[in-house]
Amino acid sequence: MRILFISSSPICGEISIGNTFLNLFSEMKDVELASIYTRSGMPDSAVSKAFLVTEKMIVKSLLKGKGCGQEVEIVPRREQERLPEKKSRVMRFLKTTRWTVFFWAQEAVWKTGRWKSAQLNKFLEEYKPDVIFTVFSGTPFLNNLVRYVQKKTGAPVAVYAWDNNYTWRMVRISPLRLIHHFFARRSMRRLAKTARTMYVISNVQKRDYEKAFKRECKLLTKGYNFDEEPAFGEIGRSPLQLVFTGNINMNRWKSLKIIAQALQEINKKGTVAEMKIYTATPISKRMDRALNVEGCSRIMGAVPSSQVAQIQKDADILIQTESHDLKNRLAMRQSFSTKIVDYLKMARPILAVGPKSVASIAHLLEHNCAVVADNAQEVVRALQELIDDPQELREIAQRGYECGKKYHNKKSNDEMLRKDLFNI
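About the criteria used
Residues numbered from 1 in each chain as written. Predicted model: local features only at pLDDT ≥ 70, side-chain atom pairs only at ≥ 80, totals over all residues. Heavy atoms only, no water. Helix = DSSP H or I, 4+ residues; strand = E, 2+ residues; numbered from the N terminus. Rg over C-alpha atoms; globule rule 2.2 N^0.38 Å. Buried < 20%, exposed > 50% of the residue type's maximum accessible area, 1.4 Å probe, protein only. Contact = heavy atoms within 4.5 Å. Areas by Shrake-Rupley, 256 points an atom, 1.4 Å probe, with all protein chains shown as cover. Axes fitted to C-alpha atoms, helices over the stretch in contact; angles between N-to-C directions. Parallel < 35°, antiparallel > 145°, perpendicular 65-115°, else oblique. Left-handed = near helix turned anticlockwise from the far one by under 90°. Nonpolar A, V, L, I, M, F, W, Y, C, P; charged D, E, K, R; others polar. Patch = residues over 30% accessible without salt bridge, like charges linked within 9 Å, V, L, I, M, F, W, Y side chains within 5 Å. Salt bridge = Lys/Arg side-chain N within 4 Å of Asp/Glu carboxyl O. Lys, Arg positive; Asp, Glu negative; His and termini not counted. Charge placed at Lys NZ, Arg CZ, Asp CG, Glu CD. Pairing = 2+ DSSP bridges. Right-handed = clockwise from strand over helix to strand, strands pointing away. Core = buried A, V, L, I, M, F, W, Y, C linked by side-chain atoms within 4.5 Å. 1 Å grid on protein atoms, 1.4 Å probe; cavity = no way out; pocket = protein on both sides within 12 Å on 5 of 7 lines; lining within 4 Å. Points joined across faces, edges and corners; volume = space filled by probe spheres on them. Phe/Tyr/Trp six-rings, centres within 6.5 Å; stacked < 30°, edge-to-face > 60°.

*Asks:* Before we go on, may I ask you to explain the overall build of the chain in this structure?
*Replies:* Scanning the chain for helices and strands turns up 18 helices and 14 strands. Relative to the compact-globule value of 22 Å for 424 residues, the chain shows a C-alpha radius of gyration of 22 Å, a close match. With the C-alpha coordinates aligned to their principal axes, the bounding extent of the chain is approximately 70 × 45 × 45 Å. Of all 424 residues assigned to the chain, the portion counted as buried reaches 51%. Residue pairs in contact within the chain that sit at least 24 positions apart in sequence constitute 74% of those at least 6 positions apart. By element, 50% of the accessible surface of the chain is carried by carbon and sulfur atoms, the whole surface being about 20600 Å².

Pasting the structure below:
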């Protein structure tokens, strides 16, 4: 079965969408993977063929009258980690500001239709996908690309939703953003009608989307093999090593700031616990001041995806955060952080700081497999209890591993996904 991913980002382990897609299909037999993507980067070597088309390529095509898009030569994983990282000030600015006018300009470039090129058509004709698998995106041009590929190839579409990007229950002040969201919702409804199968990432999203789209949605999360015996970490180390891995945008860094403040209180008489933050998120001066605290908290920067598992395994406590502010709380209400499954697999206790209404925090609370706190005082109290009774760390980790075995078992995921895709 030939599966074609369509996404903005390249399918690679360092990016959450790619990490999840690779996890879902990593052990599925008789499957070949290909990718079409719209943002510069190199796909994982598990992807056999890839095609890239960006706004820059479209603009060049308009100016020079040449074809648009190119097939990408996949570089082996080890060589990818040795490649120098290209940093763009423009891309960093666009990611941090996220002004609506930029999204409108992006959509205008894609509206030219230059991306419907001979190169893209040739790629589709040669690959001949059996199934198109894509994220349920709030980006109209990406949804138009999916629908174009579906019409060209006749392949059925499976969509996977994990962001709260359809609802009107969001904080939007700008009229421009309201207009953009109106058209984004329209493109999502069109894609939902095209899709033969629809997956969601949380029970909250399942309830919302089944009501919105009047169709069955299936719950699907990242999974691992939880049948083997868990390897619990050493109990009672000092100082305790708290580790966060992932993005700290959307004000998640402010929840990490709460932990840093709590550690300052706990460490007044000496360092008994410290936090390390591994993230590729661009760090502002405010973040730097809040999270680089001598003897308490350090920003370690980005690391290759191949090193993340060992970093998590070496931790005493793994950290999950969500934002407290209304805008981001509503934006993440349906979302389930994929790294939670990584944490459960590592058999390490989880400290979660964030609102209990967000799906990822609610999941941990429901299954009693994390220490959940809302503010610095609660974090101080929780960490002090764990320091005084380190055996509680083992018990939390044990409950987490059992939660992973019951709700995030890769074998069950694979069976459902394989059956669904072969059926369509």
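*Asks:* Looking at this structure, I do not really get the packing of helix 2 (residues 55-64) against helix 5 (residues 100-111). What am I missing?
*Replies:* Helix-helix packing is characterised by the crossing angle of the two axes and by the distance between the axes. One can describe the packing of helix 2 onto helix 5 by two numbers: an axis separation of 9 Å at closest approach and a directional angle of 50 degrees. In terms of axis orientation, helix 2 runs oblique to helix 5. Seen from above, helix 2 lies across helix 5 with left-handed handedness. Touching E55, I58 and V59 of helix 2 are Q106, V109 and W110, all from helix 5. Across the contact of helix 2 with helix 5, the residue classes break down as 4 nonpolar, 1 polar and 1 charged.

*Asks:* Just checking my understanding: could you explain a positive patch on the surface for this structure?
*Replies:* A contiguous patch of positive charge, built from K111, K116, K151, R186, R189, R190 and K193, is present on the exposed surface. Top contributing element to the positive patch by residue count: helix 8 (residues 175-194), with 4 residues. As for its placement among the helices and strands, K193 is situated in helix 8. Residue class for K193 comes out exposed when judged on its relative accessible area of 74%.

*Asks:* Could you clarify how one ought to interpret the pairing of strand 11 (residues 297-301) in this entry?
*Replies:* Two faces belong to every sheet, and in a regular strand the side chains alternate between them. Of the two faces of strand 11, the one holding S297, I299 and G301 is buried and the one holding R298 and M300 is not buried anywhere. Pairing of strand 10 (residues 273-278) with strand 11 involves 4 bridges; the strand directions are parallel. Residue pairing in the sheet places M275 in a bridge with S297 of strand 11. Regarding topology, helix 11 (residues 285-291) serves as the crossover connection from strand 10 to the parallel strand 11, and that connection is right-handed.

*Asks:* Just to check I follow, could you spell out the nonpolar core for this structure?
*Replies:* Nonpolar side chains in soluble globular proteins tend to end up buried together. Of all hydrophobic cores here, the largest spans 121 residues; its most connected members are F25, I36, F133, F136, Y209 and L242. No other element matches helix 10 (residues 252-266), which puts 8 residues into this core. Beyond its immediate stretch of four places on either side in the chain, F133 contacts I3, L4, F5, I6, F21, L24, F25, A158, Y160, Y199, L417 and L421.

*Asks:* Can you help me understand empty space enclosed by the protein in this one?
*Replies:* Considering all chains together, one arrives at 1 cavity of 30 Å³ or more under this definition. Estimated volume of the largest cavity: approximately 80 Å³. Lining the largest cavity, in full, are F232, G233, E234, I235, A315, D316, A347, R348, P349, L393, R394 and A397. Tallied by class, the residues present in the lining of the largest cavity amount to 7 nonpolar, 1 polar and 4 charged.

*Asks:* Got a minute to help me understand the sheet that holds strand 4 (residues 70-72) in this structure?
*Replies:* Strand pairing in a sheet relies on backbone hydrogen bonds, with the paired strands running either antiparallel or parallel. Strand order in the open sheet made by the 8 strands is 4-3-2-1-5-6-7-8, with mixed pairing throughout. Across the chains shown, the open sheet's two edge strands, defined by having one partner strand only, are strand 4 and strand 8 (218-219).

*Asks:* Hey, could you run me through the sheet that holds strand 14 (residues 371-373) in this one?
*Replies:* Pairing in this open sheet of 6 strands is parallel, and the strands run 11-10-9-12-13-14 from one edge to the other. Edge strands, defined here as strands with exactly one partner in the open sheet, are strand 11 and strand 14. Strand-to-strand twist in this sheet, taken as the mean axis angle between neighbours without regard to direction, amounts to 25 degrees. With 3 bridges connecting them, strand 13 (residues 350-353) and strand 14 associate as parallel partners. Bridging across to strand 14, A352 finds its partner in V372. Packed on one face of the sheet, helix 12 (residues 305-313) meets strand 9 (240-245), strand 10 and strand 12 (317-321) and runs near 150 degrees to strand 9. Across the sheet, helix 16 (residues 376-388) lies against strand 9, strand 12, strand 13 and strand 14, angled at about 155 degrees from strand 14, the strand it touches most.

*Asks:* Explanation requested: unusual backbone geometry in the structure shown.
*Replies:* Residues apart from glycine generally show negative phi values, whereas peptide bonds are mostly found in trans. Of note, the amide linkage connecting S238 to P239 takes the cis form, showing an omega dihedral of 0 degrees. Examined against the element boundaries, P239 turns out to sit in the loop between strand 8 and strand 9. Although it is not a glycine, D30 sits at a positive phi angle of roughly 60 degrees. Its location among the elements puts D30 in the loop between helix 1 (16-25) and strand 2 (32-37). Despite not being glycine, K214 has its phi angle at roughly 55 degrees, a positive value. With relative accessibility at 70%, the residue K214 sits in the exposed group.

*Asks:* Is there a simple way to think about the packing of aromatic side chains in this case?
*Replies:* Any two aromatic rings considered together are summarised by their centre-to-centre distance and by the angle between their planes. Enumeration according to the criterion identifies 22 aromatic pairs in this entry. Here F21 and W162 contribute two aromatic rings whose centre-to-centre distance is 5.9 Å and whose plane-to-plane angle is 65 degrees, an arrangement assigned as edge-to-face. Of this pair, F21 sits in helix 1 while W162 sits in the loop between strand 6 (157-161) and helix 8; the two residues are 141 residues apart in sequence, bridging distant segments of the chain. Given a relative accessible area of 0%, F21 falls into the buried group.

*Asks:* What should I look at first to understand the packing of helix 7 (residues 140-153) against helix 8 in this one?
*Replies:* Interhelical geometry of helix 7 versus helix 8 gives an angle of 25 degrees and a closest axis separation of 9 Å. Classified by the angle between their axes, helix 7 and helix 8 sit roughly parallel to one another. Handedness of the crossing formed by helix 7 with helix 8: left-handed. On the side of helix 7, the interface is formed by P140, N143, V146, R147 and Q150, while helix 8 contributes F183, A184, S187, M188, R190, L191 and T194. Per-class residue counts for the contact of helix 7 with helix 8 are 6 nonpolar, 4 polar and 2 charged.

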